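Here are the chains, one letter per residue:
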Amino acid sequence: MALLEVADLDAQYGRIRALSGVSLTVDEGEIVTLIGANGAGKTTTLRSISGLLRPSRGTIRFAGDGLLKLTPDGVVRRGVGHSPEGRRVFARMSVRENLELGAYTRASRSEIAEDFERVLTTFPRLRERLVQKAGTLSGGEQQMLAIGRTLMSRPRLLMLDEPSLGLSPILVQTIFGVIREINARGTTILLIEQNARQALSIATRGYVLEVGKIVYADSAANLMASEAVRAAYLGG
Amino acid sequence: MDVFYQQLINGLSLGGIYALIALGYTMVYGIIELINFAHGDVYTLGTFFSLAILTGLGVSGEVHGLALVGVVLVTMLAAMLLCGITGVLIERLAYRRLRNAPRLAPLITAIGMSFILENVMQLWKGPSPISFPAVIPNPSFQAGGVEIAAKQILVIVLAIVMMVALQLFIRNTKMGKAMRATAQDRDAAQLMGININTTIAMTFLIGSALAGAAGFVSGVYYGTTWFFNGFEAGLKAFTAAVLGGIGNVAGAMLGGFLIGLVEAFATQYIPQGAQWTNVVVFSVLVLVLVFRPSGLLGEAVPEKV
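Because the structure is a prediction, the values reported are computed rather than measured.

Reading guide: rules and limits
- Residues numbered from 1 in each chain as written.
- Chains lettered and ligands numbered in written order.
- Predicted model: local features only at pLDDT ≥ 70, side-chain atom pairs only at ≥ 80, totals over all residues.
- Helix = DSSP H or I, 4+ residues; strand = E, 2+ residues; numbered from the N terminus.
- Rg over C-alpha atoms; globule rule 2.2 N^0.38 Å.
- Buried ≥ 20, exposed ≤ 12 C-beta atoms within 10 Å, placed from the backbone.
- Contact = placed C-beta atoms within 7 Å.
- Pairing = 2+ DSSP bridges.
- Axes fitted to C-alpha atoms, helices over the stretch in contact; angles between N-to-C directions.
- Parallel < 35°, antiparallel > 145°, perpendicular 65-115°, else oblique.
- Left-handed = near helix turned anticlockwise from the far one by under 90°.
- Nonpolar A, V, L, I, M, F, W, Y, C, P; charged D, E, K, R; others polar.
- Core = buried A, V, L, I, M, F, W, Y, C linked by C-beta atoms within 7 Å.
- pLDDT = per-residue confidence, 0-100.
- Right-handed = clockwise from strand over helix to strand, strands pointing away.
- Expected span 1.5 Å × (residues − 1).

(A) Local environment of the overall build of chain A. The number of helices and strands found in chain A is 10 helices and 10 strands. Expected size for 236 residues packed as a compact globule is a radius of gyration near 18 Å; at 17 Å, chain A falls within 12% of this value. Looking at chain A as a whole, 46% of its 236 residues are labelled buried. Counting only contacts in chain A whose residues sit at least 6 apart along the sequence, the fraction spanning at least 24 positions is 66%.

Written out as structure tokens, the structure reads:
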């Protein structure tokens with residue numbers, strides 16, 4: 001049984017159709033990537049899974065339970081972490097407070113302390129910035145904070161929306177290295193990227209979204225090899 | 001100089017009441033960007049609840065010694081609780097379902113809520129001013145040539161204690177952090193696992209409870225109340241919140257005390273000042289906003305996208 005199972009999802013903003021019949025699955029331990037152009041519906045898919053957006057049709061199941069009836073905080077409690085597009089760190093709060101908020105749903109102080117240490121080991125830069133306001137961090141540091149903050153909920157599934165957006169090539173390498181590391185430690189990952197080549201290089205499988213529909217679904221290797229995908233998303 | 005210090009004390013007492021009310025305006029605005037016009041009426045309701053509780057306790061005049069401490073604490077805490085519940089109910093019944101509606105809808109609803117509360121209070125105690133028992137005995141303390149009444153000390157001390165407690169709560173507790181996070185970015189807060197219905201209800205609970213405390217204190221201070229009490233006090237407290245930077249908790253406190261001081265000094269130093277206080281108060285607001293549109297402590301935050 002898949003960890004995450006999305007079936008026949010329709011979603012709209014007002015009268016504008018954003019998703020039509022999107023289905024996808026993510027198995028435990030995988031890195032699955034969702035690629036596509038701007039406005040193809042990638043973010044809408046993630047927001048539907050998180051409960052930030054109510055789809056008009058379809059089902060979303062996580063570890064066997066339906067998610068659609070839950071509020072976003074309920075989805076987090078089930079073990080789905082979502083690091084949103086644009087990082088969305090709490091700019092007027094310190095780095096430490098941002099990380100603490102990431103663990104909002106958890107009770108065990110010792111486990112939280114353990115994960116706090118682990119996040120700071122993964123992102124040593126954040127350790128130097130703990131007391132600084134998140135709004136004063138550089139773009140790359142904010143991205144690290146956004147991912148670290150989501151990890152603090154100890155999610156079974158980590159959803160990342162454009163983690164490489166606006167980062168320098170070196171930082172992109174760092175972030176992708178970290179994503180692989182997080183996955184190797186046992187967290188399943190659903191990754192949205194415009195940087196398709198980079199995303200497919202670390203993913204097990206991938207889906208291609210075009211105007212709200214899934215047009216290709218295959219292993220990452222096959223997608224990389226596909227003429228059509230290469231032409232449209234990998235620059236030939 | 002004595003007159004100056006005398007008005008300083010008067011201004012701080014007035015300001016303490018404004019500041020307590022202003023906190024509710026600013027907290028609610030900070031978290032859901034709504035100017036809660038019903039808030040001034042929740043404050044009036046605080047005086048009404050206090051009056052009912054005092055009547056229930058059989059208190060109709062001065063109380064002394066330990067009994068005084070008991071009466072003050074019981075009445076104030078009960079008024080805070082009742083006002084807090086009222087605030088939560090208002091949010092639940094009137095504002096929550098409009099959370100994603102165009103901004104004008106909740107605003108007009110808030111005005112409607114204000115009318116409802118005023119009319120309920122008019123039905124309850126009638127249209128005329130009613131007297132409030134002078135619970136606090138009236139020994140005045142002399143310091144230099146300045147006379148400080150016991151009730152003024154009570155107002156100032158209570159206001160400061162509650163503000164410090166509020167700051168500690170917002171800064172250090174898990175719920176306080178969740179409230180700040182919700183105010184900064186509601187979606188991101190939800191992705192942390194914060195239930196925003198709870199944090200918003202909590203904001204109304206605390207803001208309205210502070211208005212309840214202000215209601216009790218103002219009843220004791222002025223010795224009178226009536227159903228329309230909250231209109232002017234609410235307007236001035238709202239002015240205080242804007243003056244300090246709406247959405248900013250420290251700003252509301254500063255603004256409250258400033259408005260109180262401006263009012264006291266205007267009464268003293270401007271010929272026929274008592275008639276001009278409101279003109280002066282609102283002129284100060286206009287002037288500050290011309291030079292600092294986001295208020296004294298407000299940050300110029302770009303419009304959220």
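(B) Geometry of the overall build of chain B. Helix and strand counts for chain B stand at 11 helices and 4 strands. Taken over C-alpha atoms, the radius of gyration comes to 19 Å for chain B, in line with the 19 Å a tight globule of 305 residues would show. When the 305 residues of chain B are sorted by exposure, 49% land in the buried category. Sequence separation of 24 or more characterises 78% of the internal contacts of chain B that already satisfy a separation of 6 or more.

(C) Broad picture of the sheet that holds strand 4 (residues 57-62) of chain A. All names here are of chain A. Overall, antiparallel pairing links the 4 strands, which are arranged 2-1-4-5 in an open sheet. Whereas interior strands pair on both sides, the edge strands pair on one side only; in this sheet they are strand 2 (16-26) and strand 5 (65-66). Of the strand pairs in this sheet, strand 4 and strand 5 are connected by 2 bridges, and their pairing is antiparallel. In the sheet register, Arg61 faces strand 5, and the bridge partner there is Gly66.

(D) Quick peek at the packing of helix 1 (residues 2-32) of chain B against helix 8 (residues 196-222) of chain B. Residue and element names in this part refer to chain B. As a packed pair, helix 1 and helix 8 sit with axes 9 Å apart at the nearest point and diverge in direction by 165°. Compared by their axis directions, helix 1 and helix 8 come out roughly antiparallel. Relative to helix 8, the crossing made by helix 1 is left-handed. By residue class, the composition of the contact of helix 1 with helix 8 is 17 nonpolar, 6 polar and no charged.

(E) Structural detail: the environment of A:Arg61. Residue and element names in this part refer to chain A. By the secondary structure assignment, Arg61 is in strand 4. C-alpha separation for the pair Arg61 and Glu97, spaced 36 residues apart in sequence, amounts to 31 Å. Apart from residues no more than four positions distant in its own chain, Arg61 is found in contact with Glu5, Gly66 and Leu67.

(F) A look at the nonpolar core. Judged by nonpolar contacts, the single largest core of 155 residues is most densely connected at B:Ala19, B:Leu20, B:Ile21, B:Ala22 and B:Ala213. Every residue in contact with B:Ala22, bar those within four places of it in the chain, is listed here: B:Ala237, B:Ala240, B:Ala241, B:Ala252, B:Gly255 and B:Gly256.

(G) Up close: the confidence of the model for chain B. Per-residue pLDDT for chain B has a mean of 93; in total, 98% of the residues score no lower than 70. For this predicted complex, the interface confidence reaches an ipTM of 0.95, while the overall pTM sits at 0.93.

(H) The sheet that holds strand 8 (residues 188-193) of chain A, seen in detail. Residue and element names in this part refer to chain A. A sheet is described by the order of its strands in space; here 6 strands give the open sequence 6-7-8-3-9-10, paired in mixed fashion. Every other strand in the sheet has two partners, leaving strand 6 (80-83) and strand 10 (213-219) as the edge strands with one partner each. The sheet shows a mean angle of 15° between the axes of neighbouring strands, taken without regard to direction. Where strand 3 (residues 31-36) meets strand 9 (residues 205-210), 5 bridges bridge the pair, whose relative direction is parallel.

(I) Representation of the packing of helix 3 (residues 65-95) of chain B against helix 8 of chain B in the model. Residue and element names in this part refer to chain B. The N-to-C vectors of helix 3 and helix 8 enclose an angle of 140°; their axes lie 7 Å apart at closest approach. Between helix 3 and helix 8, the angle falls in the class oblique. Between helix 3 and helix 8 lies a crossing whose hand is right-handed. Tallied by class, the residues present in the contact of helix 3 with helix 8 amount to 16 nonpolar, 8 polar and 1 charged.

(J) Region of the structure containing the environment of B:Val146. Residue and element names in this part refer to chain B. Structurally, the position occupied by Val146 is in strand 3 (residues 146-149). The class for Val146 is partly exposed, based on 17 C-beta atoms found within 10 Å. Residues Val146 and Ile9, spaced 137 residues apart in sequence, show a C-alpha to C-alpha distance of 8.7 Å. Ignoring any residue separated from it by four or fewer positions in sequence, one finds Val146 in contact with Asp2, Tyr5, Gln6 and Ile9.

(K) Inspection of the pairing of strand 8 of chain A at higher detail. All names here are of chain A. Counting buried positions over the 6 residues of strand 8 gives 6, a clear majority of the element. Taking every second residue as pointing to the same face, both faces of strand 8 are buried, with Thr188, Leu190 and Ile192 on one and Ile189, Leu191 and Glu193 on the other. As paired strands, strand 3 and strand 8 are joined by 5 bridges and run parallel to one another. Residue Val32 lies in a different strand from strand 8, and its bridge partner there is Leu190. You can see the chain leave strand 7 (residues 157-161), run along helix 7 (residues 169-184) and come back into strand 8, and the turn it takes is right-handed.

(L) Highlighting helix 10 (residues 249-269) of chain B. Here helix 10 of chain B is 21 residues long and its end C-alpha atoms lie 30 Å apart, about the 30 Å a rise of 1.5 Å per residue gives. With respect to burial, helix 10 of chain B is a largely interior element, 15 of its 21 residues being buried.

(M) Structural view of helix 6 (residues 174-184) of chain B. Burial within helix 6 of chain B is extensive, with 8 of its 11 residues counted as buried. Every buried residue of helix 6 of chain B is listed here: B:Lys177, B:Ala178, B:Met179, B:Arg180, B:Ala181, B:Thr182, B:Ala183 and B:Gln184. Lining the buried residues of helix 6 of chain B we find helix 3 (95-102) of chain A together with helix 1, helix 5 (150-172), helix 7 (186-191) and helix 8 of chain B.

(N) Unusual backbone geometry, seen in detail. At A:Arg88, a residue that is not glycine, the phi angle is positive and equals roughly 50°. If you trace the backbone, A:Arg88 turns up in the loop between strand 6 and helix 3.

(O) Expanded view of the pairing of strand 3 of chain A. Across the 6 residues that make up strand 3 of chain A, a large majority, 6, are buried. Of the two faces of strand 3 of chain A, the one carrying A:Ile31, A:Thr33 and A:Ile35 and the one carrying A:Val32, A:Leu34 and A:Gly36 are both buried.

(P) Expanded view of the environment of A:Ser23. Residue and element names in this part refer to chain A. Summarising the element assignment, Ser23 is placed in strand 2. In this structure the C-alpha to C-alpha distance between Ser23 and Ile179, which are 156 residues apart in sequence, comes to 24 Å. Contacts of Ser23, omitting those with residues within four sequence positions, involve Val6, Ala7, Asp8 and Ile214.

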